[in-house]
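Residue-level listing of the chains:
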Amino acid sequence: MSSLPHALEIDPESSLQFTITRDPATDGSDGSSRCTMTLRHPGHTKGYLAFKVKTTQPRRYLVRPNQGIVAPNSSETVSILLVDKDRQVLYSTYERLGQSALDHSKDKFLVQSCAVSDDFSAKFQNEPRMGGEGGQYKKELVEELTAMWNKASSDSNLPVYNKKLHVRHVVDTGANAAAIKGGGGTNGAAASSSLPASFQEGVDKRNNADKMSPEQLTDEVASLRRKYDELVAFSVNLTAERDILNNTLEQTKRDLNREMATRTALEKQGLKVGSRSQDSRSNKSGGGVSAKTLLIVVLVACLSAIRATNSGSLDVLGSVPVIGGMLGFDSSSTEQPARVVLSDEL
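Residues numbered from 1 in each chain as written. Predicted model: local features only at pLDDT ≥ 70, side-chain atom pairs only at ≥ 80, totals over all residues. Heavy atoms only, no water.

Caption draft 1: Quick peek at the overall build of the protein. Secondary structure summary: the protein contains eleven helices and nine strands in total. Among the 346 residues that make up the protein, the fraction classed as buried is 23%. Contacts in the protein between residues at least 24 apart in sequence constitute 71% of all its contacts with a sequence separation of at least 6. (Helix = DSSP H or I, 4+ residues; strand = E, 2+ residues; numbered from the N terminus. Buried < 20%, exposed > 50% of the residue type's maximum accessible area, 1.4 Å probe, protein only. Contact = heavy atoms within 4.5 Å.)

Written out as structure tokens, the structure reads:
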């Protein structure tokens, strides 16, 4: 119990217990698994104290109310409901693995409390709550509480009291309850009734072994031997698969290390992986002239030259000193002899 002026007294102090049954609707309740938590203002200060309840599993538990304020020397009851879907999952786990599987729950609750100003607490005084005492405040007040807690979480100067509570899930079977109420039966019967359903059949068979005939005992032993052999074969297969996976993993690691070593060696020599492919792509997409384009240009040039020769258009190049000599034109020749020669040839 804390003596801080902004700390609330919490009951229970360390853990919250949820009782799980197979069919909760038959035990006279509303068919749900829930527990309550009492928050009491110890009266160390005359001001109101605000509280907020958090959980690591917000989808599994419904907390009402999850925040509010408490007047001096008064208390607030918080109801925590375990969602039915999760209740069924927990009971199924109990049937398969027993109570020990539920004894190490990681679910936790956190209760925070801090002092509030008189102006802030005055807004909540004499305000009706949805569902009566213990219900939620109206929307505007809930939003103000949320804003206040957001500010408190970021303000290091405001002292906040934090209290963690662990969660325990306990399965209460109808057979256990009847045995406890009746007070009868031996210790062995009470112990066997608390076992999960998957183990209860084997216990019944062992208890009835004295009533079995020799043939039945022989069949039972043979059945157990077959199950044992199947279990051994299954374990051997699992071991073989594990070895294969381990060998594959080791081989993959060696290949990866070899590839990394090769890349490192190439980089040290100034070579880059993939440069050849990049060069080939650059040659394909570069600015060079293809053979097809070059052939078309040459063909067009030849046709143009033939047409120019037939029309006499190239004679003008003979007057150019350098080009005329290179092309074999005679500067003294005229156009008339060329025509005469052509007529003679004809």
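After that view of the structure, there is still more to cover.
Caption draft 2: Local environment of a nonpolar patch on the surface. Together, Tyr228, Val232 and Val236 make up a nonpolar patch on the protein surface, roughly 290 Å² of accessible area in all. With respect to the element layout, Val232 can be found in helix α7 (residues 214-268). Exposure remark for Val232: the relative accessible area of 36% places this residue in the partly exposed category. (Patch = residues over 30% accessible without salt bridge, like charges linked within 9 Å, V, L, I, M, F, W, Y side chains within 5 Å. Areas by Shrake-Rupley, 256 points an atom, 1.4 Å probe, with all protein chains shown as cover. Salt bridge = Lys/Arg side-chain N within 4 Å of Asp/Glu carboxyl O.)

Caption draft 3: Geometry of the sheet that holds strand β1 (residues 9-11). Within the open sheet, the four strands sit side by side as β1-β3-β7-β5. Their pairing is antiparallel. The open sheet has two edge strands with one neighbour each: β1 and β5 (61-64). Neighbouring strand axes in the sheet, compared pairwise and without regard to direction, differ in orientation by 20 degrees on average. Note that β1 and strand β3 (residues 33-40) share three bridges and pair antiparallel. Bridging from a neighbouring strand, Ile10 pairs with Leu39 of β3. (Pairing = 2+ DSSP bridges. Axes fitted to C-alpha atoms, helices over the stretch in contact; angles between N-to-C directions.)

Caption draft 4: How the structure looks around the packing of aromatic side chains. Counting across every chain of the model gives four aromatic pairs. Geometrically, the ring pair formed by Tyr91 and Tyr94 is tilted, given 5.8 Å between the ring centres and 45 degrees between the ring planes. Residue Tyr91 and its partner Tyr94 are both found in helix α1 (residues 84-97); the two are separated by three residues, about one turn of the helix. As far as burial versus exposure is concerned, Tyr91 and Tyr94 are alike and both buried. One aromatic cluster is present, formed by Phe18, Tyr61 and Phe109 through successive ring pairs. (Phe/Tyr/Trp six-rings, centres within 6.5 Å; stacked < 30°, edge-to-face > 60°.)

Caption draft 5: Representation of the environment of Asp107. As for its placement among the helices and strands, Asp107 is situated in the loop between α1 and β8 (108-115). For the pair Asp107 and His169, spaced 62 residues apart in the sequence, the C-alpha separation amounts to 9.9 Å. Look past the residues within four positions of Asp107 in its chain and what remains in contact with it is Thr56, Gln57, Arg60, Tyr61, His166, Val167 and His169. At 2.8 Å, the side chain of Asp107 forms a polar contact with the side chain of Arg60. A polar atom in the side chain of Asp107 sits 2.7 Å from the side chain of Tyr61. (Polar contact = N/O pair within 3.5 Å; in protein donor to acceptor, adjacent residues only side chain to side chain.)

Caption draft 6: Focus on the sheet that holds strand β6 (residues 67-70). In spatial order, the strands read β2-β9-β8-β4-β6; together these five strands make up an open sheet with mixed pairing. Every interior strand has two partners, whereas the edge strands, β2 (15-20) and β6, have only one. Each neighbouring strand pair of the sheet contributes to a mean axis angle of 25 degrees, computed without reference to strand direction. Sheet topology note: the β2/strand β9 (residues 161-171) ladder contains six bridges and is parallel. What sits directly across from Leu16, in β9, is Val167.

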